[in-house]
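Understanding the architecture of this molecule
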Amino acid sequence: MLLQMVSMDLNSASTVVLQVLTQATSQDTALLKPAEEQLKQWETQPGFYSVLLNIFTNHDLDVNVRWLAVLYFKNGIDRYWRRVAPHALSEEEKSTLRAGLITNFNEPINQIATQIAVLIAKVARLDCPRQWPELIPILIESVKVQDDLRQHRALLTFYHVTKTLASKRLAADRKLFSDLASGIYNFACSLWNHHTDTFLHHVSSGNEAAALNSLERTLLSLKVLRKLTVNGFVEPHRNMEVMGFLHGIFDRLKQFLECSRNVDTDTVFRDKLEKTIILFTKVLLDFLDQHPFSFTPLIQRSLEFSVSYVFTEVGEGVTFERFIVQCMNLIKMIVKNYAYKPSKNFEDSSPETLEAHKIKMAFFTYPTLTEICRRLVSHYFLLTEEELTMWEEDPEGFTVEETGGDSWKYSLRPCTEVLFIDIFHEYNQTLTPVLLEMMQRLQGPTNVEDMNALLIKDAVYNAVGLAAFELFDSVDFDQWFKNQLLPELQVTHNRYKPLRRRVIWLIGQWVSVKFKSDLRPMLYEAICNLLQDQDLVYLETMFTLLFQLLQQVTECDTKMHVLHVLSCVIERVNMQIRPYVGCLVQYLPLLWKQSEEHNMLRCAILTTLIHLVQGLGADSKNLYPFLLPVIQLSTDVSQPPHVYLLEDGLELWLVTLENSPCITPELLRIFQNMPPLLEQSSENLRTCFKIINGYIFLSSTEFLQTYAAGLCQSFCELLSDITTEGQVQVLKVVENALKVNPVLGSQMFQPILPCVFRGIIEGERYPVVMSTYLGVMGRVLLQNTSFFSSLLTVMAHKCNQEMDQLLGNMIEMWVDRMDNITQPERRKLSALALLSLLPSDNSVIQDKFCGIINIAVEGLHDVMTEDPETGTHKDCMLMSHLEEPKATEDEEPPTEQDKRKKMLALKDPVHSVSLQQFTYEKLKAQQELLGEQGFQSLMETVDTEIVTQLQEFLQGF
C-alpha cells in the first residue's frame, strides 16, 4: 500500500519511511528487495523528500539509514527537481526543502556531510541564484562562525556549490557566475588568507592537531578560490584582487614547502599538506590554460620558481615527486603555449604575444637552458635502483611504468622526457652543442664495474634517442652506429644488460630518422644475437624452418612455444605473410584434431588463427570450412571446452567478422551462440558487443531481420541488471543499428527506445549514459522522423501527457544536458537533430527556439575550422571520397570493417551534411514560414552574444 505522505504529519511519515529504509540497509534479500521496491514507489509522492530530509538531519538515527536517505534525496534531485520532469516536485515543497537544507551545518559524519554538500550543490545548479538567492549569503555568514564543525561544513558546501556553478557553460550561466565571483572574490581571498595564516601559526607553535584542523579549511577555501579565479572572470588580468592572489601564490608555496621539511612521511598531516601544495600548482596550471594572456605577468615568476625548485639545490629536502611533475608541467605549458609564439612575420603578432615571447626569451638564457638540459639528463633520466630491480623482475610492468601509460602528466619519468623533448625542440640551436658534448665524453667502452658511469651513458643515450629528429643534421648516426653502438651491443657482461637494452631502443628511435639501408644486415645480425633465435631477415626460410619444427616436435608445451613464435612473426609482418602460410593453413586442422585433449594447445592454435586471419584479410574467407566450426565450438557455452577456449574464440570470431568481405549463411548461423553468452554477464561482454556491432556493419538487414527480436529481448533484460558501462555498450549497438539502417533499426529495437526517451526526459544522472541516450534519439529524430512521431505518441500515452508538452520537456532536457556529450560526432548530431524540428509553427518548438539555436551555435564552434588558404570557415567533419587515407608502411592496412565504416561515414549526415548550410537553410525556412516580423520576434528570444556568433558563422550565405 502506497504511503500518502501529504495526508500524514511529518513525524508519522518519518516513522514509516524510517522502517523501510532500515530494511533497505539489511543484508537479507528477503527484506532488502521489498524495501527497495517500496522506496521506488514513494519516489514520486509529494512529501517524500521532506521526510528524507527529516531523517538524514536527525543525528540520533543509525548512520547507514541516514546515508541511504541522503542518497535517495540526491538521486531525486536529478530526476524530479526540474519543473519539466515527470512527477516534478511542487514549487512549495522545493521551497521548504531549500530552507531546510541550509538551516544548520552541523552534520557530525564526514561522509554524510560531503553528500549533503553535493546535493545542495545539485539544487544550486538548477535554482541559484534566481530561486535561491539566499544560499550564497547564508554560506558566507556560516563560514565566519567560530564553531569548528559548523564552519567546516559550511565551507565544504561553499566549495561544492562554487564548483558546480563554475561548471555551467551556457553564456547566461557564465554571466551569472561571473557576477557571483566579482561579488564574493574579496571575501574568498580574506577567508583563505585567514585560514592560511592560522595554519602557519599553529605549525610554528608545534600544535600539529590544530594545524591539521586549519589546513583542512585552507584546502577548502583554496578550492573555492581556484574555481572563482579560473572560471569567474572574462579578463582576470584587469582585476587587482585576482592578480594579487595569483602573485601571492609563490610566497605561500614557499611557506608550505618549508613546512613539509620537518613533517614525517606517511602521515595524514603530510598527505593533506602535499595535496594543498599541489592545489597551488593546479591553480596556476588551470589559469595558464584558460587565460594565457592574463597569465603573462606571471610567466617570469612561474619560471623562476619552478626552475629553482626543480633544477637547483633550492628544492633539496622539500620537493616531492608530484610537485616536481607539476612544476615541469608548468614550464612545459609556458614553453609550448601557442599564445606565446610569434608568427614567422613578427609584425603579424599581437602585442600580447610579443610581450610573452620577450619574457620567455629573457628567461631562457644560455646558462639557464644548459643547466636545465644537464640536470634533466644527468639527474632525472638516471635509472634508479628500484627501476633496475623492477626491470629484472617484471620487464613488462617496468615498460608500462616507464612510459607512464596514459598518465604521463602525473608520472615523473615520462614527464621529464616530455619536458626535455619540448625544450630541446624549442631551443635546439642552443641545446644541440650541449648534448653533443655529453655524447663526446662517452665515446668508447665503459667499465662494467662502474655502475654510475653505465647509468650516465644510459641517460645520455636516452636523450639522444628522444631528440633524434632535432639532431638529424648534427649526428653522423651511421658512423656512430658502426663505431660505438654496435660494439656496445656485443658486450655480454650482465652489468651491461641495461645499456644493451637502451642501445637497441636508441637505434629503434633513429632507424626511421637516419639509417642507411646497407647497414640493415649488420643490425639484423645484432638483433638475432639479442633474441638468441632464428634469423629474422629471411622471412621465407625462417617461417619454413619454424613450421618444420612444429611438425617434428611431440611435446605439447614445445608445440605451444613454436606456435607462439609463429604467431609473433605473423603478427609482425601482417600481410607479407600471405605467400608463406599455405603449408600452415593445411596443417592446422590436423593439429586441431590431434589436440582434442589438450585445451591449452588449442588456445595457442586460436591465437595463431587470430593473427593469421589478420594477415590474410579478406582472403581469410578461404579458411571458413575450418575456421567457422572452430569458432562455433570455442564459443558454445554448452560445450565443456568453452571454459578454456571462450576468450580466444571470441577474439577469433571478432577478427573474422572484421576481415570478412561479405556475410555467409554459416557465419550468420554462428550468432546462435550469442544469447547464452549475453546471459552470463561475464568479463567477455565487451567483446560480445564488438561482435554484435561487427554483424551490424557487415550485413545489417539480414542480421537484424534474423536476430534482432531475440537480441532486443536480451538487451532489455541486460539493461535492468548491468553496470553503467554495460548500459552504454548496449545502447551503442542500438545507435550503430540506427546509423547503418535507420528504418529497420528503429523497428527492430522499438522496445528499447521508450526506455531511452524516458531516460532523457527524466534527466539520466550518469553523463556517459545520457550522452548515449541523446545519440540514439538524435539518430531517430534526424533519420527516421515518422518513427519519432509515433514514438512521441506512444510516450505521451504512457506518461499521460500532451505530445507537445513531452516534446518540450525533451528539448529542454537535451539543451540542459548538452555538456554531457563529449564526442564531436554526437555533438554535431544533436545540433542537426534539433534543427531538423525547424521550420515549425508549433508553439512548443518556438518556445524552445532559443535552446535549439544555442546548441546549433555550440555545434558550429565544435566543427567549423578556418581554411588558412582562403580565410573562410568550413565544417571539418565533412568527408568525401577524395579523402581516402594513404596507409604508411608502419600502419596496419585497413580491415574490411574499416572500409565498411568509411563507406557508412560517407552517407552519415554527420559527415555528409554541412552544419553551417543546414543551419542557414532551416533558419531561412523558418523565416519564410513566419514572415520577417514573426521571425525577428523569435530571434529576439536568443541571447545577443549567441546571435552575433551565429551571424559570423553564416556570413556568405
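Quick caveat: nothing in here was measured; it's all calculated off a predicted structure.

What counts and what doesn't
Residues numbered from 1 in each chain as written. Predicted model: local features only at pLDDT ≥ 70, side-chain atom pairs only at ≥ 80, totals over all residues. Heavy atoms only, no water. Helix = DSSP H or I, 4+ residues; strand = E, 2+ residues; numbered from the N terminus. Rg over C-alpha atoms; globule rule 2.2 N^0.38 Å. Contact = heavy atoms within 4.5 Å. Areas by Shrake-Rupley, 256 points an atom, 1.4 Å probe, with all protein chains shown as cover. Lys, Arg positive; Asp, Glu negative; His and termini not counted. Charge placed at Lys NZ, Arg CZ, Asp CG, Glu CD. Buried < 20%, exposed > 50% of the residue type's maximum accessible area, 1.4 Å probe, protein only. Patch = residues over 30% accessible without salt bridge, like charges linked within 9 Å, V, L, I, M, F, W, Y side chains within 5 Å. Salt bridge = Lys/Arg side-chain N within 4 Å of Asp/Glu carboxyl O. pLDDT = per-residue confidence, 0-100. Axes fitted to C-alpha atoms, helices over the stretch in contact; angles between N-to-C directions. Parallel < 35°, antiparallel > 145°, perpendicular 65-115°, else oblique. Left-handed = near helix turned anticlockwise from the far one by under 90°. Nonpolar A, V, L, I, M, F, W, Y, C, P; charged D, E, K, R; others polar. Expected span 1.5 Å × (residues − 1). Phe/Tyr/Trp six-rings, centres within 6.5 Å; stacked < 30°, edge-to-face > 60°. Lys NZ or Arg CZ within 6 Å of the ring centre and 35° of its normal.

**Comments concerning the overall build of the protein chain**
What the protein chain contains, in helices and strands, is 46 helices and 2 strands. Compactness check: the protein chain gives a C-alpha radius of gyration of 33 Å against a globular reference of 30 Å for 957 residues, within 12% of the reference. With respect to the principal axes defined by its C-alpha atoms, the protein chain has extents near 85 × 75 × 65 Å. Put simply, 73% of the contacts in the protein chain that link residues at least 6 apart link residues at least 24 apart. In the form shown here, the protein chain has an accessible surface area of approximately 44700 Å², with 50% of it arising from carbon and sulfur atoms. Of the charged side chains in the protein chain, 84 are positive and 119 negative; the average position of the first set lies 2 Å away from that of the second.

**Digging into the side chain of Asn-693**
With respect to the element layout, Asn-693 can be found in helix α33 (residues 685-719). The exposure class of Asn-693 is buried, given its relative accessible area of 12%. With residues near it in sequence (within four places) discarded, Asn-693 still touches Lys-732, Val-733 and Asn-736.

**Description of a nonpolar patch on the surface**
On the surface, a nonpolar cluster with roughly 340 Å² of combined accessible area is contributed by Met-600, Val-643 and Tyr-644. By secondary structure assignment, the location of Val-643 is in helix α30 (residues 642-659). Residue Val-643 is classed as exposed on the basis of its relative accessible area, which comes to 62%.

**Some details on the confidence of the model for the protein chain**
Low-pLDDT stretches of the model should not have their predicted coordinates read in fine detail. Chain-level statistics for the protein chain give a pLDDT mean of 87 and a share of 90% at 70 or above. Mean pLDDT across the elements of the protein chain bottoms out in helix α18 (residues 395-403) (52) and peaks in helix α13 (residues 296-311) (97). Confidence over residues 403-409 falls short of pLDDT 50; this stretch has 11 contacts with residues more than four positions distant or in other chains. Long-range and interchain partners of residues 531-538, a stretch whose pLDDT sits below 50, account for 10 contacts in this model, where long-range means more than four residues apart.

**Notes on the pattern of salt bridges**
Per the stated rule, a full pass over the model turns up 36 salt bridges. In this structure, Arg-226 and Asp-286 form a salt bridge, with 2.7 Å as the shortest nitrogen-oxygen distance. Placement of Arg-226 in helix α10 (residues 208-231) and of Asp-286 in helix α12 (residues 268-290) is noted, with a sequence separation of 60 residues between them. Residue Asp-286 is classed as partly exposed on the basis of its relative accessible area, which comes to 24%. Residues joined by salt bridges that share partners form a network here, namely Arg-82, Asp-816 and Arg-817.

**Some thoughts on the packing of helix α29 (residues 624-634) against α30**
Working note: a packed helix pair is described by the angle between its axes plus the distance between those axes. Viewed as axis vectors pointing N to C, α29 and α30 meet at an angle of 135°, and their least axial separation amounts to 7 Å. Here α29 lies oblique to α30, going by the angle between them. Crossing of α29 against α30: the hand is left-handed. Contact with α29, carried on its side by Tyr-624, Leu-627, Leu-628, Val-630, Ile-631 and Ser-634, involves His-642, Leu-645, Leu-646, Gly-649, Leu-652, Trp-653 and Thr-656 of α30 and no other residues of that element. Residue composition of the contact of α29 with α30, grouped by class: 9 nonpolar, 4 polar and no charged.

**Section: helix α16 (residues 366-380)**
Every α-helix carries 3.6 residues per turn, so stepping three or four residues along brings you back to the same face. If you check α16, its first and last C-alpha atoms are 20 Å apart, about what 15 residues at 1.5 Å a residue would give, namely 21 Å. Against the buried residues of α16 lie α13, α14 (321-336), α19 (412-426), α20 (428-440) and α21 (451-466).

**As for the environment of Phe-918**
Here Phe-918 lies in helix α45 (residues 915-939). Once the C-alpha coordinates of Phe-918 and Leu-832 are considered, the two residues, 86 residues apart in sequence, prove to be 7.5 Å apart. Apart from the residues lying within four places of it in its own chain, the contact partners of Phe-918 are Leu-832, Leu-835, Ser-836 and Val-913.

**Description of the packing of helix α11 (residues 240-260) against α13**
Two elements in contact, α11 and α13, have axes separated by 10 Å at closest approach and are oriented at 10°. With respect to each other, α11 and α13 are oriented roughly parallel. Residues Met-243, Leu-246, His-247, Phe-250, Asp-251, Leu-253, Lys-254 and Leu-257 of α11 form the contact with α13, whose participating residues are Pro-297, Leu-298, Arg-301, Ser-302, Phe-305 and Tyr-309.

**Observations concerning the packing of aromatic side chains**
Per the stated rule, a full pass over the model turns up 35 aromatic pairs. On the basis of an interplanar angle of 85° and a centroid distance of 5.3 Å, the ring pair of Tyr-185 and Phe-233 is categorised as edge-to-face. On the criterion of sequence distance, the pair formed by Tyr-185 in helix α9 (residues 171-204) and Phe-233 in the loop between α10 and α11 is long-range, its members being 48 residues apart. Taking relative accessible area as the criterion, Tyr-185 reaches 0% and is therefore assigned buried. On the basis of relative accessibility, which here comes to 9%, the residue Phe-233 falls in the buried class. Where Phe-703 meets Tyr-707, the ring centres are 5.9 Å apart and the plane angle is 45°; that geometry is what we call tilted. With Phe-703 and Tyr-707 both in helix α33 and 4 residues apart, the pair spans about one turn of that helix. Each member of the pair, Phe-703 as well as Tyr-707, carries the same accessibility label: buried. Each member of the aromatic cluster is reached from another via a ring pair, and the members are Trp-42, Phe-48, Tyr-49, Phe-56, Phe-73 and Tyr-80. Sitting over the face of the ring of Trp-192, Arg-252 holds its NZ or CZ atom 5.6 Å from the ring centroid.

**Focus: the environment of Tyr-773**
Counting through the fold element by element, Tyr-773 comes out in helix α37 (residues 767-783). Residue Tyr-773 is classed as buried on the basis of its relative accessible area of 6%. Spatially, the C-alpha atom of Tyr-773 lies 45 Å from that of Pro-589, the residues being 184 residues apart in sequence. Ignoring any residue separated from it by four or fewer positions in sequence, one finds Tyr-773 in contact with Leu-731, Cys-755, Val-756, Gly-759, Ile-760 and Glu-764.

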